[in-house]
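Listed below are the residues making up each chain.
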Amino acid sequence: MRSALLLLLLASPAAASPPGASSCSGCHGAPGGAVPSLAGQSAEDIAASLTAFRTGARPATVMTRIAKGFSDEESRAIAEWIAGGGQ
């Protein structure tokens, strides 16, 4: 029983979240919130948005600062996690 519970916890999206993903889920929560949800967006779209924020092509005070903290690889990992249902 204890092993099954541990496996369940390790398989949960929260356990598999990449470093920095909490920066996204802290604001982009459930649909209908003050900040738009990222649910349903593709990993490619999310990664492209992070790149645009990081380069300044898409200016946004908060997102620019957050995105500049991630490398391309980190942004891609976060985008894939979110697109896969991570919150």
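Anyway, here's the lowdown on the structure attached to this text. Model, not experiment: these values are computed from the prediction.

Basis of the calculations
Residues numbered from 1 in each chain as written. Predicted model: local features only at pLDDT ≥ 70, side-chain atom pairs only at ≥ 80, totals over all residues. Heavy atoms only, no water. Helix = DSSP H or I, 4+ residues; strand = E, 2+ residues; numbered from the N terminus. Buried < 20%, exposed > 50% of the residue type's maximum accessible area, 1.4 Å probe, protein only. Contact = heavy atoms within 4.5 Å. Areas by Shrake-Rupley, 256 points an atom, 1.4 Å probe, with all protein chains shown as cover. Core = buried A, V, L, I, M, F, W, Y, C linked by side-chain atoms within 4.5 Å. 1 Å grid on protein atoms, 1.4 Å probe; cavity = no way out; pocket = protein on both sides within 12 Å on 5 of 7 lines; lining within 4 Å. Points joined across faces, edges and corners; volume = space filled by probe spheres on them. Nonpolar A, V, L, I, M, F, W, Y, C, P; charged D, E, K, R; others polar.

The helix and strand tally for the protein stands at 5 helices and 0 strands. For the protein, the α and β elements follow one another from N to C terminus as α-α-α-α-α. Burial status across the protein gives 28% buried among its 87 residues. Considering only intrachain contacts with a sequence separation of at least 6, the fraction spanning at least 24 residues in the protein is 56%. Total accessible area on the protein is roughly 5600 Å²; 62% of this is exposed by carbon and sulfur atoms.

For the rest of this paragraph, the subject is the nonpolar core. Within the largest apolar cluster, 15 residues are counted, with the highest numbers of intra-cluster contacts made by Ile46, Leu50, Ile78, Ala79 and Ile82. Among the elements of the structure, helix H3 (43–55), helix H4 (61–67) and helix H5 (72–83) are those that each provide at least two residues to this core. For this core, the leading source of residues is H3, giving 5 residues.

Moving on, we come to the layout of surface pockets. Of the pockets and cavities examined, the largest pocket occupies roughly 230 Å³. Around the largest pocket sit Cys24, His28, Pro36, Ser37, Leu38, Gln41, Ile46, Ser49, Leu50, Phe53, Arg58 and Met63, which together line it. For the lining of the largest pocket, the leading source of residues is H3, giving 4 residues. Here the residues of the lining of the largest pocket are counted per class, giving 7 nonpolar, 4 polar and 1 charged.

Structural measurements only, silent on function.
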